[in-house]
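Okay, here's what each chain looks like letter by letter:
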Amino acid sequence: MFKSIKLKIIIWFLAIFSIVFAGLELFLYYELEDVAIGFVDDHMRSEVDFLASILKVEEEHGQLEYELVEISQAATGEYAEKLSGHYYQIVSSEGEVLARSPSLALADAELPILPSTKEASFQTIVGPNKEPLRVMTRTTDFSIGPLVFIAGDSLKEPYKLLGSFRRIVLFVYPVVFFVCGMGIFIITGWALAPLKKFSTEISHITEENLDERVGEEETAVELKPMASSFNTMLSRLEASFERRKQFLSDASHELRTPTSIIKSYCDVTLGRDRTPEEYRTAIRKIGDTVNRMVELINRILVISRLDAKAIELKPVRIDLKEVIKDVLRLMESSAEKREIKIHTEGGEVNIRGDREGITEVFTNLVGNAIKYNKDGGTVWIRTGREDKMASVEVEDTGIGIPGEELDKIFQRFYRVDSSRGVTVGTGLGLSIVRSIVEAHGGKIEVKSEPGKGSSFKVLLPPGS
Amino acid sequence: MRILIVEDEKDLAGIVKQGLEEAGYVVDMAHDGEEGQYMAENFPVDAIVLDIMLPVVDGLTVLSNIRKKGIDTPVILLTARDALLDKVKGLDTGADDYLTKPFEFGELLARLRSLLRRKGQAKEAVIRIADLEINTASHEVTRAGKNIQLSAREYKLLEYLAYNADSVLSRTEIVEHIYHEDRDMDSNVVDVYINYLRNKVDKDFDKKLIHTVRGAGYVLREENP
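Every value quoted in this text rests on a predicted model; they were computed, and no experiment measured them.

> For the interface of chain A and chain B, give the residues involved together with the corresponding values.
Facing the 18 residues of chain A at the interface are 22 residues of chain B. At the boundary of chain A with chain B, total buried surface from both sides reaches about 1,900 Å², with 56% on carbon and sulfur atoms. On inspection of chain A and its partner chain B, the count reaches six salt bridges. A:R292 is the salt-bridge partner of B:E9, the closest N and O atoms lying 2.9 Å from each other. Between chain A and chain B we count seven residue pairs in polar contact (both at pLDDT 80 or more) in total. Counting only elements with at least two residues in the side of chain A that touches chain B, the list comes to α5 (224-270) and α6 (276-307) of chain A. Top element by residues in the side of chain A that touches chain B is α5(A). It accounts for eleven residues. Here the residues of the side of chain A that touches chain B sort into three nonpolar, seven polar and eight charged.

The structure is reproduced here in structure tokens:
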């Protein structure tokens, strides 16, 4: 569920939005409360100041007692109304109530006598009418001793104000939340649209149209690197796909020739009655051709396995000199038949490599050196070291390879023109050689002079 | 009928040659494009079986070269590729037919016969001249419903005359198309075989079909009385 970028963005946004919005609302609420209650406090303070100043004036005239009575009765407005929510009360230091506002006196109610100092102190309590009541107490010294002034103001009005603020917030919050949520939903959809378009474009590319590319120009700047690396990947994929297709097509093409030889032999031979000798000849030819096909199929398999890296190279310590000795043992007879001399030079060279693979490499190279040699020619095999690499050079005195074909001989199914009277092979040998050498981290070099001979040099990393 | 095979795969060329010879054709072989083109241009061949993938000069180039020189010998392309584009390209270059390897040998023979008939304007496998019928597929010859037994050489000669019915063929032409280049044949041999043929085809019938054109050669035709 949290795999969706859009959902993630929306959730994160709304979470942060909620915290910030709630914080802001709380801050505003407490500010408002401070202001509203401060207003009440100021009102009480001025009331107390007024009462105290009147009493002070009367005290100077020696009329304090009288005035205390006066204060209890002479109040007008809110203070004169019974339980109006606006009260005051003056208490002696002994706790005796000396004066009460008519709003209290009429109901015979009293404000609680709270501890008091010369500094005004405020408190919120439950008032005589069960309403929330803000109470201020302050002590002022008079000739008859310190008098405690207690004023009380109902918080009904400020609480009403705060209540309606709360209600507004509670109503506005979900609306804003919803609107912002919708907004962010649309915005993320809009922001993610290029990504969607990009993925649609990608999804339309299959193995059928690998040559198509994602449009890098139209893509958003943020997606350009992705588009570009995707296109690079497509190019590589296409090339590899093409190579595979080409190989498959080449391979089936190569199999058609021996197949048609076999088929033609069957068709023609069965076309009429023949002598046993004729049948023998035909079957022998078919057998030879089948062998050629088997060889071809084996090599195609080796190549596709090398391609797929399905052949596991088992590196062991190998003496190249020894591998060549083994190879020569197999080749001797075919070399002798054509009076080709084989010289080996150089000492033992150790590498780490796959014995089967390395043997295949030199079987091919030495085999070619004999096959494409002239009768009575020579093959030199030199082992040694070069640039810290183990090197084996196989040189022949054969027909050579024209310069323009040198870079093609390692291509699959490539054969130097068969018109020179040499029996052609599968056209895969050198391709396999190169694949194996490269799989070992080595390289192969070729030099040739048409009519004089060719020289193949294999360089392999030395054994540790 | 003389066929040129241009195929670099010697085993294949060899067995196709054998098969065609056994079917009564004279066969020449070339193993690369250059040699093939030379033979197509200089030998009097009646049809060419041409591989596309050839060393030195590829088959399509050979084909386009000989067509440019005005040689309209029927050509069957033989190839290991069966991509449609290749077929189209081959036929557009001037090939008359197309066979994909591996092919049925019988199909090659049938297509060759069809091409040779097309050349002689005949449409069917059986060529009819008056009451003479020559089945080019089974090599059976009948006249007025009667079976005529011919030797291989006699048949080749009759077939060649029949494919080119109504045109006069010189002795040299006949020798070149019926007998192999290797065997240096005296053109008098033609007279000998024409005689054999006359004995088998014309002798017992009033209407003669094989005619001598003095100083030119022979012609097989139904003469209007």
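> Give me the packing of aromatic side chains: which residues, what numbers.
All names here are of chain A. On inspection of all chains with the given rule, the structure shows twelve aromatic pairs over all chains. Geometrically, the ring pair formed by Y79 and Y88 is tilted, given 5.0 Å between the ring centres and 50° between the ring planes. What makes Y79 buried here is its relative accessible area of 7%. A ring pair is formed by F410 and F456, whose centres lie 6.4 Å apart and whose planes are at 90°; its orientation type is edge-to-face. Of this pair, F410 sits in the loop between β10 (389-396) and α9 (429-439) while F456 sits in strand β12 (residues 453-460), and the two are 46 residues apart along the sequence. Pair check on accessibility: F410 and F456 agree, each one buried. Among the aromatic residues, ring-to-ring pairing joins F13, F17, F21, Y173 and F177 into one connected group. The aromatic ring of F185 is capped on one face by K6, whose charged end is 4.3 Å from the ring centroid. The positively charged end of K56 is found above the aromatic ring belonging to F142, 4.4 Å away from the centroid.

> A description of the sheet that holds strand β9 (residues 146-148) of chain B should follow, citing residues and the corresponding values.
Residue and element names in this part refer to chain B. Pairing within the open sheet is antiparallel, and its four strands lie in the order β6-β7-β8-β9. Of all strands in the sheet, those bounded by a partner on one side alone are β6 (126-129) and β9. On average, each strand axis in the sheet is tilted by 25° relative to the strand beside it, whichever way the strands run. Across four bridges, the pairing between strand β7 (residues 132-135) and strand β8 (residues 140-143) is antiparallel. Looking at the pairing, E133 lines up with T142 of β8. In the packing of helix α6 (residues 152-163) onto the sheet, contacts are made with β6, β7 and β8, and the angle to β7 comes to roughly 110°.

> Before we move on, could you go through the confidence of the model for chain B and cite the residues and values that matter?
The predicted model of chain B has a mean per-residue pLDDT of 85, with 92% of residues at 70 or higher. Taken over the whole predicted complex, pTM reads 0.58, whereas the ipTM for its chain interfaces reads 0.72.

> Hey, could you go over helix α7 (residues 320-337) of chain A for me, with residue numbers and the actual values?
Residue and element names in this part refer to chain A. Between the first and last C-alpha of α7 there are 26 Å, a value that for 18 residues agrees with the 26 Å anticipated at 1.5 Å per step. Helix geometry: α7 is bent most strongly at M331, by close to 50°. Within α7, burial applies to L320, V323, I324, V327, L328, M331 and A335. One side-chain oxygen of the residue at the start of α7 lies 3.1 Å from the amide nitrogen of K321, identifying that residue as D319.

The rules behind each value
Every chain's residues receive numbers from 1 upward, in the order its sequence appears when written. Naming scheme: in the order in which they are written, chains are lettered from A and ligands are numbered from 1. Totals for whole chains, interfaces and linings use all residues, but because this is a predicted model, local features are given only for residues with pLDDT of at least 70 and pairs of side-chain atoms are given and counted only at 80 or more. Derived side-chain values reflect all non-hydrogen atoms in the structure, with water molecules and hydrogen atoms excluded from consideration. By definition in these notes, contact holds between two residues if any of their heavy atoms fall within 4.5 Å. By convention, the term buried area covers the 1.4 Å-probe accessible surface removed from two parts as they join, with the contributions of both added. Whenever Lys or Arg places a side-chain nitrogen within 4 Å of a carboxyl oxygen from Asp or Glu, that contact is recorded as a salt bridge. Two N or O atoms count as a polar contact when they lie within 3.5 Å, although within protein this holds only if one can serve as hydrogen donor and the other as acceptor, and sequence-adjacent residues are included solely when both atoms are side-chain atoms. Strands are runs of DSSP state E lasting at least 2 residues, helices are runs of H or I lasting at least 4, and numbering of each runs from the N terminus. Polar here means any residue outside two lists: the nonpolar Ala, Val, Leu, Ile, Met, Phe, Trp, Tyr, Cys and Pro, and the charged Asp, Glu, Lys and Arg; Gly therefore counts as polar. Only rings of Phe, Tyr and Trp enter the pairing, Trp through its six-membered ring, and a pair is recorded when the two centres are within 6.5 Å. The plane angle decides the type: under 30 degrees is stacked, over 60 is edge-to-face, the rest tilted. Throughout this description, buried means an accessible area under 20% of the type-specific maximum (1.4 Å probe, protein chains only), exposed means over 50%, and partly exposed covers the range between. As a reminder, the over-ring test applies to NZ of lysine and CZ of arginine, requiring each to be within 6 Å of the ring centre and within 35 degrees of the ring normal. Only strands that DSSP links by at least two bridges are regarded as paired with each other. In this analysis, axes come from line fits to C-alpha atoms, helices being fitted only over the stretch in contact, and the angle between any two N-to-C directions falls in the range 0 to 180 degrees. For every residue, the pLDDT score states the predictor's confidence, bounded by 0 at the bottom and 100 at the top. To estimate how far a helix should reach, multiply one less than its number of residues by 1.5 Å. To get the bend at a residue, fit one axis to the 7 residues ending there and another to the 7 starting there, then take the angle between the axes.

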